[in-house]
Amino acid sequence: MATVPKVDVGTDYKEKYGFFVPEDFVFKAKRGLNPEIVKEISWMKKEPEWMLKMRLRSLEIFRKKPMPTWGADLSVIDFENIFYYLKASDKQSTSWEDLPPDIKKTYDRLGVPEAERKFLAGVSAQYESEVVYHSLQKELTAKGVIFTDTDSALRDHPELFKEYFGTVIPPADNKFSALNTAVWSGGSFIYVPKGVRVEIPLQAYFRINAENMGQFERTLIICDEGSFVHYIEGCTAPIYTTDSLHSAVVEIIVKKGARCRYTTIQNWSTNVFNLVTKRAMAYADATMEWVDGNLGSQITMKYPSVYLMEPGAKGDVLSVAFAGKGQHQDAGGKMIHVAPNTTSTITSKSISKGGGRTSYRGHIKMYPDAKNSKSFVKCDALLLDDESRSDTYPYNDVDAENVTLGHEATVSKVSDEQLFYLMSRGITRNEAETMIVNGFIEPFTKELPLEYAVELNRLIQLEMEGSVG
Amino acid sequence: MADFEIRDLRASVEGKEILKGVTLAINKGEVHAVMGPNGSGKSTLSHTLMGHPGYTVDGGDVIFKGQNVLALQPDERARLGMFLAFQYPVVVPGISMTNFLRTALNAKRGYDGKDKSKQVTPKEFRSLLKSELEVLHMDDSFLPRYINDGFSGGEKKRAEILQMAILKPEIAILDETDSGLDIDSIKFVAEAVNRMRGPELGVLIITHYTRILEFIKPDFVHVLVDGRFVLSGGPEVAERLEKTGYSEWGHAEELKPEEVA
């Protein structure tokens, strides 16, 4: 797709995404984090004993682990001021019409029902802590595809769930995976049976509405041998003066010969801390692709990773980050080559504007068995002014022989010549800069379904006009 | 008063004075050629007229439609009806020519993302593009490609002329459009410009060589040497230069272009 139609910006973030509806909930846990809150969440969800134990154990791990200091500045997060669980509706709907009016209005405004009608095979919508809407095309259900929220999966598919949950990202992996495992709620659960190809995307839409809310969704995707699925998630929140926390964990298992693509278009408001752990295990000849677009948020720390476990496994990360005033996007990717003949690429594109800061942080690890493996990392940063900042932190550990590892990094500014050329055709400076930025991220945009590409370009346009946040 | 008037224009680059007082009046319907040896200030003239930020105006006025365009941003000058065909068109990756042309046309029409009545409709745009391509005898294969990305020299210049045809300026400056082109491409560009000639268009051709003037017959020719016009006249000036080059002003350069394969 070479061109994206130009979209009108009649509204700004505040109108389109930044609105909020009054809180109306059936259950809201008290502020703060302690074993009682964790027990309460588990009790509300009527969970089996093993899950409660795992949650409590994870809470202990979270408390013991020090705050990571190697990346963005997280010292400002006040964990005691956050609501860890909020249930806005006491039932899950399969029809938009059945949603409580406030929630329905929210998703209508965000255009989600329309998107479902147009081009999605299944939709899940999470509001605060719980998934409130869910649908999947009948043909896919008949083929044995499971697409549900993670809480229902624990209840309805307990064996499958227990076999994989926490195996890709154990609670002790890092402080925030421990936190997520302690208080997780909602998220998507997908199982694609052997040989089944889900040709149109499945989508989940995550929305934080309440102030000081913590959203801790937990996503688990299992692609059985030879299967294919493309999963897309979108995230937004209103603009409050106080902070919210989004700390998700996404675990993916891609079995022999299967392919999974996971696309994120995250557009949090600029008071959200976004600290997400995403990891996939790719087995023989399997392909895992992370397509990760990070706009908004105050701080994002996210490094999707692929463990290339068996020969022929392939991993890709394609990410875009946009940091405006007061924002720090610390993003990148990790490729862990465990087996021979595995390949990986990381392509990172970042844009900094108005004093915003982007960092690329990447890790390529090649274990001794990973001979004849290849990895290529390319990071390009575009700075829109002199106050903005971009850094690159690549870490490479190679313990294998006969491997190829490439790294390319560029930092550029919007060139005067490009601006002059576009402006000499009557295009305003702001629009010319937006075009250059959209052109810069085009390798990313072209990987998105058209509707998302249009939306992303529109979001970039909003960011460029400085009307966001 | 002429439609487009350059009055005593003086400009410098990085503190070095290049244009030392250029005065020129262009009416719509006229084709003017500015010729000059290397370093005479030809590209400074074209860039200054269009408002490139790297060129400093030290004095003078450029009056077009009652405004001093030197006070305007390049995009404002373009929307007023000026056009510059670049000597070295710039590559902008990731944006297709189609998208670029549409955005530029919308900008020219004053569409700012709000008043939809000013926006070119997809149907109107397609038919406009189709008819201009036909007139220019161009195929549409380069439209999905990124702006000037991987274009040959000839393709770049043709793309400039297509932009001109779509945007329909009232004052067009062609900056060394003939440089680096083979004779077929020069003929092509010249034919296209000739087709656009008419009472609504004034043209300023900036060139080192007389060759393009064999195909686009100028009404007036001005010789620029060391930042000043040293000679102005009709087409006969070009014929004189064809014979003697710039030698009478102390420049021994050849006036025959390098052979282009």
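Residues numbered from 1 in each chain as written. Chains lettered and ligands numbered in written order. Predicted model: local features only at pLDDT ≥ 70, side-chain atom pairs only at ≥ 80, totals over all residues.

**Student:** Now, about the overall build of chain A: what can you tell me, with residues and values included?
**Tutor:** On a plain count of helices and strands, chain A comes out with 13 helices and 24 strands. For chain A, the C-alpha radius of gyration of 21 Å lies close to 23 Å, the compact-globule estimate for 469 residues. When the backbone C-alpha atoms are referred to their principal axes, chain A occupies close to 65 × 55 × 45 Å. Here the analysis covers contacts within chain A between residues at least 6 apart in sequence; of these, 83% occur between residues at least 24 apart. (Helix = DSSP H or I, 4+ residues; strand = E, 2+ residues; numbered from the N terminus. Rg over C-alpha atoms; globule rule 2.2 N^0.38 Å. Contact = placed C-beta atoms within 7 Å.)

**Student:** So, the overall build of chain B: which residues are in play, and what are the values?
**Tutor:** The number of helices and strands found in chain B is 8 helices and 12 strands. By the compact-globule yardstick of 18 Å for 261 residues, chain B fits well, its C-alpha radius of gyration being 18 Å. Overall size of chain B, expressed as C-alpha extent along the three principal axes, is 55 × 40 × 35 Å. Per-residue burial for chain B yields a buried fraction of 45% across its 261 residues. (Buried ≥ 20, exposed ≤ 12 C-beta atoms within 10 Å, placed from the backbone.)

**Student:** How would you explain the pairing of strand E22 (residues 374–383) of chain A if you had to name every residue and give the values?
**Tutor:** Residue and element names in this part refer to chain A. In terms of strand pairing, strand E20 (residues 343–352) meets E22 through 10 bridges, oriented parallel. The residue of E22 that forms the bridge with Ser348 is Cys379. Bridging between E22 and strand E24 (residues 404–413) involves 10 bridges; their strand directions are parallel. Bridge pairing links Ala381 to Val411 in E24. (Pairing = 2+ DSSP bridges.)

**Student:** For the sheet that holds strand E6 (residues 82–85) of chain B, give the residues involved together with the corresponding values.
**Tutor:** All names here are of chain B. If you trace the 6 strands from one edge of the open sheet to the other, you get E6-E9-E10-E3-E11-E12, paired in mixed fashion. Two strands in the sheet have a free side with no partner beyond their single neighbour: E6 and strand E12 (228–233). Neighbour-to-neighbour, the strand axes of the sheet open up by a mean angle of 20°, direction not taken into account. Each of strand E3 (31–35), E6, strand E9 (171–175), strand E10 (202–207) and strand E11 (220–225) touches helix H1 (residues 42–50); the most contacted strand, E9, lies at about 145° to it. (Axes fitted to C-alpha atoms, helices over the stretch in contact; angles between N-to-C directions.)

**Student:** Quick rundown of the interface of chain A and chain B? Include the residues and the values.
**Tutor:** Each side of the interface is counted separately: chain A has 26 residues, and chain B has 29 residues. Where the side of chain A that touches chain B is concerned, the elements lending two or more residues are helix H10 (416–423) and helix H11 (429–440) of chain A. Along the lines of polarity and charge, the residues of the side of chain A that touches chain B split into 10 nonpolar, 8 polar and 8 charged. (Nonpolar A, V, L, I, M, F, W, Y, C, P; charged D, E, K, R; others polar.)

**Student:** Pulling in residues and values, what's your account of helix H3 (residues 97–108) of chain B?
**Tutor:** Over its 12 residues, H3(B) runs 16 Å from end to end, which matches the ideal 16 Å to within 8%, given 1.5 Å per residue. Burial within H3(B) is extensive, with 11 of its 12 residues counted as buried. For H3(B), the complete set of buried residues consists of B:Met97, B:Asn99, B:Phe100, B:Leu101, B:Arg102, B:Thr103, B:Ala104, B:Leu105, B:Asn106, B:Ala107 and B:Lys108. Where H3(B) is buried, its residues touch H11 of chain A together with helix H2 (74–80), strand E7 (92–96), helix H4 (122–135), strand E8 (146–147) and helix H5 (153–167) of chain B. Just beyond H3(B), the residue with positive phi is B:Gly110, at close to 85°. (Expected span 1.5 Å × (residues − 1).)

**Student:** Would you mind going over the nonpolar core in detail, with residue names and values included?
**Tutor:** Side chains of a nonpolar character, in soluble globular proteins, are inclined to be buried together. Counting residues in each nonpolar core, the largest one holds 205 residues, and the members touching the most others are A:Ile190, A:Ile252, A:Val254, A:Cys260, A:Ala282 and B:Ile173. Residues from two domains meet in this core; each of domain 1 (4–89 + 170–249) and domain 2 (94–150) of chain B gives at least three. For A:Val254, the residues in contact, after removing those within four places along its chain, are A:Cys223, A:Arg259, A:Cys260, A:Ala280, A:Met281, A:Ala282, A:Tyr283, A:Ala286 and A:Met288. (Core = buried A, V, L, I, M, F, W, Y, C linked by C-beta atoms within 7 Å. Domains from an automatic or database assignment.)

**Student:** Would you mind going over the sheet that holds strand E1 (residues 4–13) of chain B in detail, with residue names and values included?
**Tutor:** Residues and elements named next belong to chain B. Pairing is antiparallel in the open sheet, where 4 strands are placed in the order E2-E1-E4-E5. Edge positions in the open sheet fall to strand E2 (16–26) and strand E5 (67–68), since each of these has one partner strand only. Here E1 runs beside strand E4 (residues 56–64); their pairing, made up of 7 bridges, is antiparallel. The residue of E4 that forms the bridge with Arg10 is Gly59. Together, E1, E2 and E4 form the strand contacts of H1, whose direction differs from that of E2 by roughly 70°.

**Student:** Hey, could you go over unusual backbone geometry for me, with residue numbers and the actual values?
**Tutor:** Residues and elements named next belong to chain B. Positive phi, close to 45°, is recorded for Lys168, a residue that is not glycine. Position of Lys168 relative to the elements: it lies in the loop between H5 and E9. Given 15 C-beta atoms within a 10 Å radius, Lys168 is considered partly exposed. In this model, Asp226 sits at a positive phi of 50°, which is unusual for a non-glycine residue.

**Student:** Explain the environment of B:Thr210 residue by residue, including any values.
**Tutor:** Examined against the element boundaries, B:Thr210 turns out to sit in the loop between E10 and helix H7 (211–215). In this structure, the C-alpha to C-alpha distance between B:Thr210 and B:Met35, residues 175 residues apart in sequence, is 8.0 Å.

**Student:** Now, about the pairing of E3(B): what can you tell me, with residues and values included?
**Tutor:** All names here are of chain B. With 5 of its 5 residues buried, E3 lies for the most part within the structure. Covered by surrounding structure in E3 are Val31, Ala33 and Met35 together with His32 and Val34, the residues of both alternating faces. Strand direction decides the pairing type here: E3 and E11, joined by 4 bridges, are parallel. For His32, the partnering residue across the bridge sits in E11 and is Phe220.

Keep in mind these values describe shape, not function.
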